[in-house]
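So you can see what is in the structure, the chains are spelled out below.
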Amino acid sequence: MSEPPGPDDPAFAAAYQAMIEHDRERAVAELEALVAAQPACAPSWAMLMLAHHRRLDFVSGTAATEALLALDPTHHEGLQQLAFNLTACGNYEQAVTAYRRAHAVTRSPLSAYMVAVLLHRLGRHEEAAQAYGTILAASDLAGLEVLGILRGVMNLLRDQGQPLAADRFAHMLNLRYRQNPVLVSSFLVDRDQSSPFHEWLGLVDKATLGAVLRRGLATEPGVARVPETFNLPAERDALMRFAAATPDALYIVKPARGSGGQGIHVTGDLTALAGLSDVVVQRYISNPWLIDGRKGHLRIYALITQAAPLRAYIYREGIVRIAPEPYELSPDRLADVAMHVTNTALHLDHPGLMISQDETRDDEGAIRSLSALLRRMAAEGHDPDVVFGEIRSLVAWFLRQLEREGFFARQAALGSTRSFGPKLIGFDILLDADGHPWLIELQSNPAAKGAPLVNKINAEMFANIFRMSVGVLAEDSLSDTDLAALRSDPAALAAAELAHETRRSALFSSLWD
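Because the structure is a prediction, the values reported are computed rather than measured.

Calculation notes
- Residue positions within a chain follow its written sequence, with the count starting from 1.
- Local features in this predicted model are restricted to residues whose pLDDT is 70 or higher, and side-chain atom pairs enter the listing and the counts only when it is 80 or higher, whereas totals over whole chains, interfaces and linings include all residues.
- Excluded from the side-chain calculations are hydrogens and water; all other atoms, namely the structure's heavy atoms, are used.
- Runs of H or I in DSSP of at least four residues are treated as helices and runs of E of at least two as strands, each being numbered from the N terminus.
- For the exposure calls, accessible area comes from a 1.4 Å probe over protein chains only, and a residue counts as buried if that area is under 20% of its type's maximum, exposed if over 50%, partly exposed in between.
- Throughout, a contact is declared for two residues whenever any of their heavy atoms are within 4.5 Å.
- Two residue types count as positive, namely Lys and Arg, and two as negative, namely Asp and Glu; His and chain ends fall outside the count.
- Every charge is mapped onto a representative atom, which is NZ of Lys, CZ of Arg, CG of Asp or CD of Glu.
- In this description, a nonpolar core means a group of buried Ala, Val, Leu, Ile, Met, Phe, Trp, Tyr and Cys residues linked to one another through side-chain atoms lying within 4.5 Å.
- Angles shown run from 0 to 180 degrees and are taken between the N-to-C directions of axes, each axis being a line fitted to C-alpha atoms and, for helices, limited to the stretch in contact.
- Each angle receives one of four descriptions, namely roughly parallel if under 35 degrees, roughly antiparallel if over 145, roughly perpendicular if within 65 to 115, and oblique otherwise.
- It is the rotation of the near helix from the far one that decides the hand of a crossing: anticlockwise by less than a right angle makes it left-handed, clockwise makes it right-handed.
- Per residue, pLDDT captures the predictor's confidence, and it can take any value from 0 to 100.
- Ring pairs are drawn from Phe, Tyr and Trp, using the six-membered ring of Trp, whenever the two centres fall within 6.5 Å, and their geometry is named by plane angle: stacked under 30 degrees, edge-to-face over 60, tilted for the rest.
- By definition, a salt bridge exists where a carboxyl oxygen of Asp or Glu is found within 4 Å of a side-chain nitrogen of Lys or Arg.
- DSSP calls a pair of strands paired once it identifies at least 2 bridges connecting them.
- Expected span of a helix: the number of residues minus one, times 1.5 Å.

**Some thoughts on the overall build of the chain**
- Across its full length, the chain carries 21 helices and 12 strands.
- Once the C-alpha set of the chain is aligned to its principal axes, its extents read approximately 70 × 65 × 45 Å.
- Within the chain, the fraction of its 513 residues that count as buried is 52%.
- Of the contacts formed within the chain by residues at least 6 apart in sequence, a portion of 66% connects residues at least 24 apart.
- Of the charged side chains in the chain, 47 are positive and 61 negative; the average position of the first set lies 4 Å away from that of the second.

Take a look at the structure:
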């Protein structure tokens, strides 16, 4: 393995950016060694900041960013990253200050927008209104950034009890949506995904997620299918006890903060796990449902539109990703990630990875639709409604567990209800040979773009989310009595929003029906 160039080499940034994408753990280790040896080297701190961001380690990322800004106080990316990290850690007051500092230097519309969003989130409505007003006065209303601002003002006005004024901004958004549905809806989903309730970002850590799942299984034994999961090194003894009781089990090992399939491997050798740290070890589901002889996993989407009371939906379409090599469970093939790991991004250079470039062909190649899989299962004698019903129950169980642990109550207690946009979540689910779903992972920020079929499915889903979340509530058919209630009664306003959302839910169905 060749040594990367030093910080003074023009190729330094490109080399470490590539390493961060393909081997983050190595990148972090090397960059930490570089800054220890040369603490005044800003390029090394900038790369370490990026590496921690890609690992979603916001605490370490904040420390690296502060060190970078101590050397270069006007570093544009550093200023933006510090504000983002503070938001991700839930330090909203400090984040407002940081975004204001970033905007003063960079004049970034995103920084100004985030100041307004966080002020709204903190319940400082008058300040938020002033911040939005300043942005609108200086904005090019034809630009994309104005979309988030218009939606932010709409929601702020509703929280201030001004639904008719809010409708004016909803109307402006609808006009833009009709001109370009994909661009408008995907931009707003991206904005919502980049600034969710901060605890969603914590669940990306597989160790944190594993702890939630174990508590859920302890509360309701036998209700959900979740592979036994152990965080190393903290739960090494528990892993060894489980292994002693199940001597034939295989295990899949994952970096706690990894993504895209990086660093994943399958093993039956517990001695190989003894010295590992900062990893999650999960019992390997060795009898997966096979598609054309290959293992695959499902990406299932859920949407949270309100924290308290919890309002959640499941999308009736999804994405199936399939490994490029035929599945074979034999000891000498356990190291073959192209057989056992189904993350498409990991196999882009594999000659067996075939991805259809025709979005209408949803049942061929390594990326298929959930609908296509369910059609296949029906042809093989399985009831697709039963299969999807079990998936739905598994997703509902997980969200109810979060609710039991006070997750959504903590979000609601932060302040204004409408300061958080709809939250889209991706669930990675594996079907076993009998067609039963197992919850493997959670994606707090599921990929928005990919193969043609992925883009088609996501574009339709994003448009669905827009139609649910943006609407004129004071419709012409509204009676004078109902219009007066809408203007004066917060409960009537909330009921009108729910009615609008429900009428336009389309492929999103309530998890609680």
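**Re the nonpolar core**
- In this structure, Trp-200, Phe-398, Leu-399 and Phe-427 are the most contacted members of the largest nonpolar core, which totals 91 residues.
- The biggest single contributor to this core is helix α17 (residues 384-404), with 10 residues.
- The residues contacting Leu-399, other than those within four sequence positions of it, are Trp-200, Ile-304, Leu-310, Ala-312, Phe-408, Ile-425, Phe-427, Leu-511 and Trp-512.

**Re the packing of helix α1 (residues 12-22) against helix α3 (residues 42-54)**
- Taken N-terminus to C-terminus, the directions of α1 and α3 make an angle of 20°; their axes are 10 Å apart at the nearest point. The orientation of α1 with respect to α3, classified from their angle, is roughly parallel. As α1 runs across α3, the sense of the crossing is right-handed. Along its contact with α1, which presents Phe-12, Ala-13, Tyr-16, Gln-17, Ile-20 and Glu-21, the element α3 presents Pro-43, Ser-44, Met-47, Leu-50, Ala-51 and Arg-54.

**A few points about the confidence of the model for the chain**
- The share of residues in the chain with pLDDT of 70 or more is 98%, and the mean pLDDT across the chain is 92.
- No element of the chain has a lower mean pLDDT than α1, which averages 88, and none a higher one than strand β7 (residues 311-315), which averages 98.

**Notes on the packing of aromatic side chains**
- Applying the stated criterion across every chain yields a total of 12 aromatic pairs.
- Seen in terms of ring centroids, Phe-197 and Phe-420 are 6.2 Å apart; in terms of plane orientation they differ by 90°. Their pairing is edge-to-face. Linking Phe-197 in the loop between α11 (181-194) and α12 (199-202) with Phe-420 in the loop between α18 (407-413) and β10 (423-431), this pair joins segments that are 223 residues apart in sequence.
- Joined through ring pairs, the aromatic side chains of Phe-197, Trp-200, Phe-407, Phe-408 and Phe-420 make up one cluster.

**Focus on the pattern of salt bridges**
- All told, the structure shown has 34 salt bridges when counted by the stated rule.
- Among the salt bridges present, the one from Glu-199 reaches Arg-410, with a minimum N-O distance of 2.8 Å. Here Arg-410 lies in helix α18 and Glu-199 lies in helix α12, a separation of 211 residues in the sequence.
- A single network of salt bridges, built from pairs that share partners, joins Arg-158, Asp-159, Asp-167, Arg-418 and Glu-497.

**A word on the sheet that holds strand β1 (residues 229-232)**
- Strands sit in the order β1-β4-β2-β3 across an open sheet of four strands; the sheet is antiparallel. Edge positions in the sheet fall to β1 and β3 (265-267), since each of these pairs with one other strand and no more. On average, each strand axis in the sheet is tilted by 25° relative to the strand beside it, whichever way the strands run.
- Relative to strand β4 (residues 279-283), strand β2 (residues 251-255) runs antiparallel, the two sharing five bridges. Looking across to β4, one finds that Ile-252 is bridged to Gln-282.
- Its contacts with the sheet place helix α13 (residues 206-219) against β1, β2 and β4, and it is angled at close to 140° to β1.

**Quick notes on the side chain of Gln-411**
- Within the secondary structure layout, Gln-411 lies in helix α18.
- Judged by its relative accessible area of 11%, Gln-411 is buried.
- In this structure Gln-411 touches Phe-197, Trp-200, Ala-307 and Phe-420, once residues within four positions along its chain are discounted.

**Observations concerning helix α10 (residues 163-179)**
- In this model, α10 (17 residues) spans 24 Å end to end at C-alpha, consistent with the 24 Å of a helix rising 1.5 Å per residue.
- Taken together, the buried positions of α10 are Pro-163, Ala-166, Asp-167, Phe-169, Ala-170, Met-172, Leu-173, Asn-174 and Tyr-177.
- Where the residues of α10 are buried, they touch α8 (125-138), α9 (145-159), α11, α19 (452-469), α20 (480-488) and α21 (490-503).

**What about the packing of α1 against helix α2 (residues 24-37)?**
- For the pair α1 and α2, the least separation of the axes is 6 Å and the interaxial angle reads 140°. The angle between the axes of α1 and α2 places the two elements in the oblique class. Mapping the contact onto sequence places Phe-12, Tyr-16, Met-19, Ile-20, Glu-21 and His-22 in α1 and Arg-24, Arg-26, Ala-27, Glu-30, Leu-31 and Leu-34 in α2.

**Describing the environment of Ile-319**
- With respect to the helices and strands, Ile-319 occurs in strand β8 (residues 319-322).
- Of the residues examined, Ile-319 reaches a relative accessible area of 1% and is grouped as buried.
- Spatially, the C-alpha atoms of Ile-319 and Val-115 are 35 Å apart, while their sequence positions differ by 204 residues.
- For Ile-319, the residues in contact, after removing those within four places along its chain, are His-297, Leu-298, Arg-299, Tyr-301, Ile-367, Arg-368, Leu-370, Val-454, Ile-457 and Asn-458.

**Focus: unusual backbone geometry**
- Cis geometry marks the peptide bond from Leu-232 to Pro-233; its omega dihedral reads 15°.
- By the secondary structure assignment, Pro-233 is in the loop between β1 and α14 (236-245).
- Between Ala-308 and the following residue, Pro-309, the backbone shows a cis peptide bond with an omega angle of -5°.
- Among the secondary structure elements, Pro-309 is positioned in the loop between β6 (294-306) and β7.
- Positive phi outside glycine occurs at Asp-292, with the angle close to 55°.
- Tracing the backbone shows Asp-292 in the loop between β5 (290-291) and β6.

**A short note on the pairing of β1**
- Of the two faces of β1, the one holding Thr-229 and Asn-231 and the one holding Phe-230 and Leu-232 are both buried throughout.
- Of the pairings in the sheet, the one linking β1 to β4 comprises four bridges and is antiparallel in character. Note on β4: the bridge partner recorded for Leu-232 is Val-279.

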